[in-house]
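Residue-level structure breakdown
For reference, the chains in residue letters:
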Amino acid sequence: MGFSYDWDRQVKTCDPNYYQFTQQIFALFFEHWYNKQSQKAEPISSLIAHFENHGSDQLHAHGGKIESFTPQEWKAMSALQQHDILNQFRLAFIDETTVNWCEAMGTVLANEEVINGLSERGGYPVVRKKMKQWSLRITAYADRLLSGLNTLQWSDAIKEIQRNWIGKSQGAEIDFVVRGTLKTLKVFTTRPDTIFGATFMVVAPELENLQEFCSEDQWPAVQAYANKAKNRSEIDRMADTTKTGVFTGMEAINPFTGEPIPVWVSDYVLANYGTGVIMAVPAHDERDFAFATTFNLNIIPVIKPTNGELELPLKEAFSAKDGVCFNSGFLDGLSVKEAIAAAIEKVEKAGWGQAKVNYKLREAGFGRQRYWGEPFPIVFDHEGIPQLVNQLPVELPQVESYKPTGNGESPLSAVSQWVNTPHGKRETDTMPGWAGSSWYFLRYTDPQNTQELASKEALSYWQQVDLYVGGSEHATGHLLYSRFWTKFLYDLGYITWDEPFQRLVNQGMIMGEDGQKMSKRWGNVVNPDDVCAQYGADTLRMYEMFLGPLTDSKPWNTHGIEGVSRFFGKFWRLFYEGEQWAVTQEAPTAAELKILHKTIKKVTEDIESMSFNTSVSAFMVATNELGTLKCRKKEVLETLLILMAPFAPHITEELWSQLGNTNSIHIASWPKYDASHLVENSFSYPISINGKTRAQIEFELNASEADIQATVLSHELVVKWMEGKPLKKFILVKGRIINVVV
RNA sequence: GCUCGGGUGGCGGAAUAGGUAGACGCGCAGGACUUAAAAUCCUGUUUUCAGUAAUGAAAGUACGGGUUCGAUUCCCGUCCCGAGCACCA
């Protein structure tokens, strides 16, 4: 096909020479934490220094929850206790995650391998199970991943997918005191303006200390419900939107009204978003409304439309974000926007909570219980504390079997001579496929380097990827992870830019002739090798471009390729008269130069905007016009060849050499168009009367408007269509159109 | 349901800082060259109506409104297609 790949820069992520640096980057994640104050990753040593000097006080670290401690307490801790705390802040850390466990297969399955709670292969039951494994703290970068999108030339679709995935929402965390106890339930809400309408609370069934918020007599029912909910897969939950739940027997106090409201448990509240607890405002939230209706709970409207009244009783939740508060004490009369600000101010002043930003983005699971993957450069010492291995690469051992062990551990755990080292046991999970693919573009700059992932010189010469052409299926995977790794390596000073792919274009697919995706199943597969054998690579390339815009999916049409094939025939005959070479040295005429420079301009602009289909059309137009003029002049044809070289690399190279050139056309410099060849001094104006084209008159472009108007108004057709009515307005758009309004 | 794209001839598609809608190609029809065919070249091809014809008129960029001298392009509403998300408080 004539792709100009530089095979000297080929990389293989599964080659130890490559993955030793994937392991090194993992080690860097492990040795860094995220400072929310400086907004960047910093070495773990600075965090340890902070603990030694200030304890947990004034900590601006992104991470998990810890009990507060003093410097003295920190120093008195055991290595294991210190590890547990540091683990809460390391950017590569051991996380408790929920996985899809298939007992029958003895393995963990990916979400897409689970269908309706059963394994895709075999149809065995799958349950959700907690498992400790490595994760990368991508949430530390959530804000930068979000704001960085604004600087990128990516399609709106992909940007939007990433924005949704990151899912930033602003609101407040508010504490509700549980009646008759000293305990509080912390909720996250984006609508604190509706708090006077909060008539009950709902906690997620997975909440760890669930029992604390249950009365003794309700606990058995709650426990039974929670156990059932735990084993429901996400897909099951999704499929079933009817509301289920159990009353916990407890009540909480709405801090704004002082009224007690019941606390329920239901699986429509997700444990891993927000605090896993919500204040339910049934009048203004569809889900809460459905729940309240199902269980006959109180519904109090507190927001009404800006211009109008609510229809009571409510038939559905009024969830619009423009409205006015009522039934809401000091918030009455305020708009939703004003009330949100006022409610947060009140919450903070009263010490009930604070403004809070939440993200849907979850930490990136980085462990796989599979053989094929980069081993972690980690050994767990005799205390079970993970220690980095300095000697890289840590290579995959040869094994007898790649199959799962059956107990959920990686196949590597069975290779005891590999697992056991003098310093402890190796981590036997391996890294996911996206580990190596998150930085390969950096490796392209310096693929043979054995000392570092790439030299500073190479990285600063090549910089980030100018243009990435790929499918949109990587939107929330590869493309997000690569941005994350790039920002991290930027923080550490490895690179001087913090976005990997400046411009991203999602190419469309060539569909079958029937408009469906090409598939053996539909019998509509067209093999490019066959097309190439029949028509040649240049014809195939150009036809694919000619089919339509790069970003669109479009059906293949076998007849259509004939048109491109014929075009090459015509193009060839500009150079040959029969078998006879026919190119001349004559100087081109003005008309020929105009054709050439028009084409240079069009193709140069089209390449910039990736409108290759219209470039092909421009080549056809130029070839047709030059053919009509019988132009065989070297000066014109040689330049046209250069323009076509990126589109049809083979035929252009051949004709280029036949023109007597000894170097390759693909290193020739790109022509510049000369505007002086394109100047027109007259234009054939379409004359509209009341917006309808009625005549065509040619005028010099520098003719005066008065002269033009006089000529137009006395023109036979214009007179006819004006039907004697008086002229209302005469519009002249120079070089475009004339409109006579009567 | 929400978010983001998009609807133009028989087909793929062109043209949007508002200015001759349908470039280019496919297909189709007719013609030239040829003993014939292939190849090549030429002409026509949005729809409807009138006309033997040249030609003329009207409508037309999913549908209905609006702004404008002028709208495929801008605004409002509706329908349809595609992609993504999916109880995210």
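Bear in mind that the values here come from a model prediction, so they are computed numbers and not experimental data.

Quick notes on the rules
- Residues numbered from 1 in each chain as written.
- Chains lettered and ligands numbered in written order.
- Predicted model: local features only at pLDDT ≥ 70, side-chain atom pairs only at ≥ 80, totals over all residues.
- Heavy atoms only, no water.
- Helix = DSSP H or I, 4+ residues; strand = E, 2+ residues; numbered from the N terminus.
- Contact = heavy atoms within 4.5 Å.
- Salt bridge = Lys/Arg side-chain N within 4 Å of Asp/Glu carboxyl O.
- Buried < 20%, exposed > 50% of the residue type's maximum accessible area, 1.4 Å probe, protein only.
- Pairing = 2+ DSSP bridges.
- Core = buried A, V, L, I, M, F, W, Y, C linked by side-chain atoms within 4.5 Å.
- Near = heavy atom within 4 Å.
- Polar contact = N/O pair within 3.5 Å; in protein donor to acceptor, adjacent residues only side chain to side chain.
- Nonpolar A, V, L, I, M, F, W, Y, C, P; charged D, E, K, R; others polar.
- Domains from an automatic or database assignment.
- Phe/Tyr/Trp six-rings, centres within 6.5 Å; stacked < 30°, edge-to-face > 60°.
- Lys NZ or Arg CZ within 6 Å of the ring centre and 35° of its normal.
- Patch = residues over 30% accessible without salt bridge, like charges linked within 9 Å, V, L, I, M, F, W, Y side chains within 5 Å.
- Areas by Shrake-Rupley, 256 points an atom, 1.4 Å probe, with all protein chains shown as cover.
- Axes fitted to C-alpha atoms, helices over the stretch in contact; angles between N-to-C directions.
- Parallel < 35°, antiparallel > 145°, perpendicular 65-115°, else oblique.
- Left-handed = near helix turned anticlockwise from the far one by under 90°.

**Some words on the environment of Gly-406**
With respect to the secondary-structure elements, Gly-406 resides in the loop between strand 19 (386-388) and helix 11 (416-419). Sequence separation of Gly-406 and Thr-107 is 299 residues, and the distance between their C-alpha atoms is 6.0 Å. If near-sequence neighbours (up to four positions away) are discounted, Gly-406 is found in contact with Trp-101 and Gly-106.

**Some details on the pattern of salt bridges**
Inspection of every chain in the model, using the stated rule, returns 19 salt bridges. Here Arg-163 ties to Glu-160 by a salt bridge, and the two come within 3.2 Å at their closest N and O atoms. Remark: Glu-160 and Arg-163 occur in helix 6 (residues 156-166); sequence separation between them is 3 residues, near one turn of the helix. With a relative accessible area of 40%, Glu-160 lands in the partly exposed category. Among the ionic pairs, Lys-602 bridges to Asp-606, the shortest N-O distance being 3.3 Å. Within this pair, Lys-602 and its partner Asp-606 are both found in helix 19 (residues 590-609), separated by 4 residues, close to a single helical turn. Here the salt bridges share partners, and the residues they tie into one network are Arg-483, Lys-487, Asp-498 and Glu-499.

**Examining the sheet that holds strand 3 (residues 92-102)**
Spatially, 4 strands are ordered 4-3-7-17 in an open sheet, and the strand pairing comes out antiparallel. Lying at the two open borders of the sheet, with one neighbouring strand each, are strand 4 (107-109) and strand 17 (364-365).

**Remarks on unusual backbone geometry**
The omega torsion of the bond from Leu-392 to Pro-393 falls at 0 degrees, within 30 degrees of zero and hence cis. With respect to the secondary-structure elements, Pro-393 resides in the loop between strand 19 and helix 11. Positive phi, normally seen in glycine, also occurs at Asn-327, with a value near 55 degrees. Structurally, Asn-327 can be placed in the loop between strand 15 (324-325) and helix 10 (336-350). For Asn-327, a relative accessible area of 44% translates into the label partly exposed. A positive phi angle, close to 60 degrees, is found at Met-610, a residue other than glycine. For Met-610, the location among the structural elements is in the loop between helix 19 and helix 20 (612-628). The exposure class of Met-610 is buried, given its relative accessible area of 12%.

**Thoughts on the nonpolar core**
Phe-29, Leu-136, Tyr-141, Phe-366, Leu-442 and Trp-485 are the most contacted members of the largest nonpolar core, which totals 53 residues. Sequence-distant contacts of Leu-442, defined by excluding residues within four places in its chain, comprise Leu-453, Ala-454, Leu-459, Leu-489, Ile-495 and Trp-497.

**Quick word on the protein's contact with RNA strand B**
Around RNA strand B, a shell composed of 48 residues is seen, among which Thr-190, Arg-287, Leu-547, Arg-566 and Asn-739 lie nearest. Within 4 Å of the protein, the contacting atoms of RNA strand B are 61% sugar and phosphate, with bases supplying the remainder. In this structure, Tyr-268 approaches RNA strand B through a main-chain N or O atom, which is 2.9 Å from a sugar or linking oxygen. Contacts to RNA strand B include Arg-573, whose side-chain N or O atom sits 3.3 Å from a sugar or linking oxygen. In terms of residue count, helix 20 provides more of the surface near RNA strand B than any other element does, 6 residues in total. Across the surface near RNA strand B, the residue classes tally to 20 nonpolar, 13 polar and 15 charged.

**Brief notes about the domain arrangement of chain A**
Under the domain assignment used here, chain A contains domain 1 (37-89), domain 2 (94-136), domain 3 (169-358), domain 4 (520-677) and domain 5 (682-741). In this structure, domain 2 and domain 3 have C-alpha centres spaced 31 Å apart.

**Some remarks on the packing of aromatic side chains**
For the structure shown, the criterion picks out 50 aromatic pairs. Between the aromatic rings of Phe-256 and Phe-330, the centroid separation amounts to 6.0 Å while the plane-to-plane angle is 25 degrees, which identifies the pairing as stacked. With a gap of 74 residues between them, Phe-256 in the loop between strand 11 (246-253) and strand 12 (260-265) and Phe-330 in the loop between strand 15 and helix 10 connect regions that are remote in the sequence. Take Phe-330: its relative accessible area is 43%, and that puts it in the partly exposed class. Residue placement shows Arg-483 over the ring face of Trp-154; its charged tip is 5.8 Å from the ring centre.

**Comments concerning a nonpolar patch on the surface**
A contiguous nonpolar patch, built from Met-1, Phe-3, Tyr-5 and Trp-7 and spanning about 500 Å² of accessible area, is present on the exposed surface. Within the secondary structure, Trp-7 is located in the segment before helix 1 (16-30).

**Looking at the packing of helix 18 (residues 560-575) against helix 21 (residues 634-644)**
Geometry of a packed helix pair, given as the angle between the helix axes and the separation of the axes. Helix 21 packs onto helix 18 with a crossing angle of 150 degrees between their chain directions and a minimal axis gap of 11 Å. Comparing their axes, helix 21 and helix 18 come out roughly antiparallel. Along this stretch, helix 18 crosses helix 21, giving a crossing that reads as left-handed. On the side of helix 18, the interface is formed by Phe-567, Phe-568, Phe-571, Leu-574 and Phe-575, while helix 21 contributes Leu-637, Leu-640, Leu-641 and Met-644. Here the residues of the contact of helix 18 with helix 21 are counted per class, giving 9 nonpolar, no polar and no charged.

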